[in-house]
Amino acid sequence: MKIIDLRSDTVTKPTTEMREVIATAEVGDDVFGDDPTVNKLQDKTAHLLGKEAALFVPSGTMANQVSIKAHTQPGDEVLIEADAHVFNYESGAPAFLSGVTLHRLSGVRGVFTAEQVEEAIRPGDHHFAPTRLVMIENTNNRAGGTIFPVAEMQRIRDTASRFDLSVHLDGARLWNASAATGLDPRNWTDLADSVSVCLSKGLGCPVGSLIAGSAEFIDRCHRYRKVFGGGMRQAGILAAAGIYALDNHRERMVDDHRNCRLLADAIYHLPGTVIDLQAVHTNILIVELTEDAPFDGPGMVKALKEVGVWITSGALNKVRLVTHLDVSTEDVEDAVDRIRRVWSV
Ligand SMILES: *Cc1c(COP(=O)(O)O)cnc(C)c1O
């Protein structure tokens with residue numbers, strides 16, 4: 001039985017073509033700035049995102065954390081959506097590494113407003129932590145791959161500028177937002193001072209993320225990457241995969257989005273499932289399970305594992321399914337059949 005792995009878009013394995021560019025990549029010592037393939041990936045990413053410079057880092061977590069470090073001083077406050085990845089899944093790193101507090105704003109499907117930002121900004125009085133940075137996540141992971149509207153981001157940018165705050169875009173899945181809307185990523189990145197993007201999710205690379213921003217900002221990030229232990233040597237073998245994926249795997253993401261919609265439409269009709277169909281924008285599907293369902297979240301994970309469909313459960317009454325490069329439309333149709341069988345419908 002073929003395993004259909006819908007746990008995350010991080011489970012993809014490099015394709016044959018990607019392994020070929022990895023095998024033949026020109027490399028050097030990137031800590032000396034000598035790796036031509038890393039330099040090429042950084043230049044290419046900076047260009048795609050409309051920024052002066054970019055920096056290759058091992059993970060999305062490091063991209064966000066180096067950015068926070070470069071934007072803040074210890075004791076500063078950072079405005080962030082309540083369910084953000086940086087808050088939930090980065091091991092408390094903003095406190096650990098940068099000594100900042102996160103001030104959480106509750107969003108709707110991951111989206112908060114300029115008014116919420118303005119209301120949360122602390123007065124310039126010594127009782128308060130100085131508000132320094134706003135973070136926006138696009139697409140939003142916990143909300144289920146939802147896209148942050150450009151118009152609201154523009155309003156937040158205006159408010160941030162008015163109060164002298166920086167804006168960081170956690171764009172781990174920005175490529176998905178761009179593919180789904182047909183909008184150039186610059187529509188969002190032009191409104192941020194810095195942006196992090198991931199190569200190892202939907203793009204299908206084995207490792208890597210990048211930070212992009214002004215040359216001066218990236219220069220400071222370079223130092224913090226070293227401080228955080230992220231300086232790499234012949235990283236060109238990883239960067240080569242990134243260049244390949246940026247050229248070949250961005251447009252195809254619409255296939256993942258179509259497959260996700262297919263899953264949503266099928267699971268929506270099963271008894272005891274609740275899906276916010278308006279939140280299904282890209283490649284992540286969140287399913288809520290009610291008392292009418294035969295399982296709770298962990299129970300469904302277990303039951304589906306027995307039929308070779310791997311998913312995750314983030315809460316007792318919720319499961320998550322993610323489509324990606326390594327699952328075809330046939331696989332998704334097959335998964336739907338197996339899920340229906342488990343549901344006995
Ligand atoms: C995956 C992800 C990250 C970073 O993840 P790593 O596993 O550290 O690469 C950051 N932000 C969002 C929104 C993510 O989904």
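Residues numbered from 1 in each chain as written. Predicted model: local features only at pLDDT ≥ 70, side-chain atom pairs only at ≥ 80, totals over all residues. Heavy atoms only, no water.

Turning our attention to the environment of S161. Counting through the fold element by element, S161 comes out in helix α7 (residues 150–162). When the C-alpha atoms of S161 and T72 are compared, they prove to be 16 Å apart, with 89 residues separating the residues in sequence. (Helix = DSSP H or I, 4+ residues; strand = E, 2+ residues; numbered from the N terminus.)

What follows is about the UniProt feature "domain: Aromatic amino acid beta-eliminating lyase/threonine aldolase" (unreviewed entry) in the chain. With numbering matched to this structure, UniProt assigns "domain: Aromatic amino acid beta-eliminating lyase/threonine aldolase" (unreviewed entry) to residues 5–288. Here residues 5–288 runs as 41% helix and 16% strand, with 19 Å between its end C-alpha atoms. (UniProt positions renumbered as here; feature names shortened; annotations may be inferred.)

Further remarks concern the domain arrangement of the chain. What the domain assignment lists for the chain is domain 1 (13–248) and domain 2 (252–344). Using C-alpha coordinates to define each centre, domain 1 is positioned 28 Å away from domain 2. The interface of domain 1 with domain 2 comprises 21 residues on the first partner and 15 residues on the second. Between domain 1 and domain 2, a total of about 1500 Å² is buried, with carbon and sulfur atoms accounting for 53% of that surface. If you tally residues by element for the side of domain 1 that touches domain 2, the top one is helix α8 (residues 174–181), at five residues. Within the side of domain 1 that touches domain 2, the residues separate by chemical class into seven nonpolar, ten polar and four charged. (Domains from an automatic or database assignment. Contact = heavy atoms within 4.5 Å. Buried area = accessible area lost by both parts, 1.4 Å probe. Nonpolar A, V, L, I, M, F, W, Y, C, P; charged D, E, K, R; others polar.)

As a further point, take unusual backbone geometry. Backbone torsion omega between N138 and T139 reads -5°, so that peptide bond is classified as cis. Relative to the helices and strands, T139 resides in the loop between β5 (131–137) and α7. Backbone geometry places R109, a non-glycine residue, at a positive phi of 50°. With respect to the helices, strands and loops of the structure, R109 is situated in the loop between β4 (101–105) and α6 (114–120). R109 sits in the partly exposed class, given a relative accessible area of 34%. (Buried < 20%, exposed > 50% of the residue type's maximum accessible area, 1.4 Å probe, protein only.)

Looking now at the sheet that holds strand β13 (residues 318–322). Pairing is antiparallel across the open sheet formed by four strands, whose spatial order is β9-β10-β13-β12. Two strands bound the open sheet, and with one partner strand each, they are β9 (273–274) and β12 (312–315). Two strands pair when backbone bridges link them, and β12 and β13 are joined in this way by two bridges, in the antiparallel orientation. Looking at the pairing, T312 lines up with R320 of β13. (Pairing = 2+ DSSP bridges.)

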